[in-house]
Amino acid sequence: MHVLSITKLLSEIFFNKDFDISKLESLTQQEKDIFADYISKSRVESYVLKSIGEFGAKTLGIENFFKLKNNGDARTIRTLENIRFSKKINFELSNKKIKHVFLKGINMHQYIYSNEHTIRPISDIDILIEKKDLTEVLNVIHDLGFDISKWQETQKEGFELYR
């Protein structure tokens, strides 16, 4: 299945409220597998499943249905965890009077996607801070249980921020 065919099919699912499920039924099982893999790699499982419904999803094959459902559920859980973590980080940084702004996913989630947790998965938390606060921010997130070993390794290698 060519990427153009996949994109066309996805756009029909996303933008056509009366999507014709027979288009999915007409795919070979191999094409259904490729389509399901593409959906997962694009991280839009929950949105697609919501759009085509359980019957439509099961036309992709029961294995693909459960793969999409499980991956979508896992991404939703991670999204909720990241939202919770961002609130903890915000609380700690605010208490320490560290200026910070959350970027990309967290803000988009709240203001664009109206906190619909299944539409846009959040896999990380991006924070804009002042260079002088980096060490303190690393301490805060380390105290919250985040792994900062990559930062520690980078500092040993002489990494310079904002050259």
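Residues numbered from 1 in each chain as written. Predicted model: local features only at pLDDT ≥ 70, side-chain atom pairs only at ≥ 80, totals over all residues. Heavy atoms only, no water.

Participant: Looking at this structure, how should I read the confidence of the model for the protein?
Facilitator: Interpretation of the predicted coordinates at a detailed level should be avoided for regions scoring low in pLDDT. Of the residues in the protein, 90% have a pLDDT of 70 or more, and the chain-wide mean is 85. Confidence, expressed as mean pLDDT per element, reaches its minimum in the protein at helix H8 (residues 149-156) with 70 and its maximum at helix H3 (residues 29-41) with 93. (pLDDT = per-residue confidence, 0-100. Helix = DSSP H or I, 4+ residues; strand = E, 2+ residues; numbered from the N terminus.)

Participant: Just checking my understanding: could you explain the nonpolar core for this structure?
Facilitator: A general feature of soluble globular proteins is that nonpolar side chains tend to end up buried together. Ranked by internal contacts, the top residues of the largest apolar core, which has 19 residues, are Phe19, Leu24, Phe35, Ile39, Val48 and Ile52. Elements represented by at least two residues in this core include exactly helix H1 (3-15), H3, helix H4 (45-58) and helix H5 (62-95). Listed in part, the 14 residues of the second largest apolar core include Ile98, Ile122, Ile129 and Ile141. (Core = buried A, V, L, I, M, F, W, Y, C linked by side-chain atoms within 4.5 Å. Buried < 20%, exposed > 50% of the residue type's maximum accessible area, 1.4 Å probe, protein only.)

Participant: For this particular structure, what's the right way to read H5?
Facilitator: Along an α-helix, a turn takes 3.6 residues, which lines up residues three or four apart on a common side. In this model, H5 (34 residues) spans 49 Å end to end at C-alpha, consistent with the 50 Å of a helix rising 1.5 Å per residue. When we look at burial in H5, the residues that qualify are Asn64, Phe65, Leu68, Gly72, Arg75, Thr76, Thr79, Asn82, Ile83, Ser86, Ile89 and Leu93. Note on H5: the residue one or two positions beyond its end, Lys97, has a positive phi of about 60 degrees. (Expected span 1.5 Å × (residues − 1).)

Participant: Explanation requested: unusual backbone geometry in the structure shown.
Facilitator: For residues that are not glycine, phi is negative in most cases, and the peptide bond is trans in most cases. Of note, Arg43 is a non-glycine position whose phi angle comes to about 60 degrees, a positive value. The topology assignment puts Arg43 in the loop between H3 and H4. One non-glycine residue with positive phi stands out, namely Lys97, at about 60 degrees. Summarising the element assignment, Lys97 is placed in the loop between H5 and strand S1 (100-103).

Participant: What is the right way to read the pairing of S1 from this model?
Facilitator: Taken residue by residue, a regular strand's side chains alternate between the two faces of the sheet. Of the two faces of S1, only the one carrying His100 and Phe102 is buried; Val101 and Leu103 on the other face are not. Judged from the four bridges that link them, S1 and strand S2 (residues 126-129) form a sheet pairing that is antiparallel. Counterpart to Leu103 in the pairing with S2 is Asp126. (Pairing = 2+ DSSP bridges.)

Participant: What am I meant to see in the packing of aromatic side chains here?
Facilitator: This structure, assessed with the given rule, holds four aromatic pairs. Geometrically, the ring pair formed by Phe65 and Phe66 is edge-to-face, given 5.0 Å between the ring centres and 65 degrees between the ring planes. Take Phe65: its relative accessible area is 7%, and that puts it in the buried class. With centroids separated by 5.1 Å and ring planes inclined at 70 degrees, the aromatic side chains of Phe85 and Phe146 adopt a geometry described as edge-to-face. With Phe85 in helix H5 and Phe146 in the loop between helix H7 (134-143) and H8, this residue pair connects regions lying 61 residues apart in the sequence. By way of ring pairs, the aromatic residues Phe14, Phe15 and Tyr47 are connected into one cluster. Between the NZ or CZ atom of Lys58 and the centre of the ring of Phe65, over which it lies, the distance is 5.3 Å. Just above the ring of Phe85 sits the side chain of Arg84; from NZ or CZ to the centre is 5.0 Å. (Phe/Tyr/Trp six-rings, centres within 6.5 Å; stacked < 30°, edge-to-face > 60°. Lys NZ or Arg CZ within 6 Å of the ring centre and 35° of its normal.)

Participant: Can you walk me through H3 in this structure?
Facilitator: The terminal C-alpha atoms of H3, which comprises 13 residues, lie 18 Å apart, in line with the 18 Å expected from a rise of 1.5 Å per residue. Those residues of H3 not exposed but buried are Lys32, Phe35, Ala36, Ile39 and Ser40. Viewed end-on, H3 has its buried residues packed into an arc of 135 degrees, placing them on one side of the element. Facing away from the buried side of H3, by more than 90 degrees, are the exposed residues Gln30 and Lys41. Buried residues along H3 sit in contact with H1, helix H2 (22-25), H4 and H5. Of the residues one or two after H3, Arg43 is the one with positive phi, at around 60 degrees. (Arc of directions from axis to C-beta. Contact = heavy atoms within 4.5 Å.)

Participant: I would appreciate a short explanation of the side chain of Lys32 in the present structure.
Facilitator: Examined against the element boundaries, Lys32 turns out to sit in helix H3. An unpaired buried charge is present at Lys32: no salt bridge exists, and Glu25, the closest side chain of opposite charge, is 7.4 Å distant. Engagement of the side chain of Lys32 in a polar contact is seen with the backbone oxygen of Thr59, the distance being 2.8 Å. Once residues within four sequence positions are removed from consideration, Lys32 is found in contact with Leu24, Glu25, Leu27, Thr59, Leu60 and Asn64. (Lys, Arg positive; Asp, Glu negative; His and termini not counted. Salt bridge = Lys/Arg side-chain N within 4 Å of Asp/Glu carboxyl O. Polar contact = N/O pair within 3.5 Å; in protein donor to acceptor, adjacent residues only side chain to side chain.)

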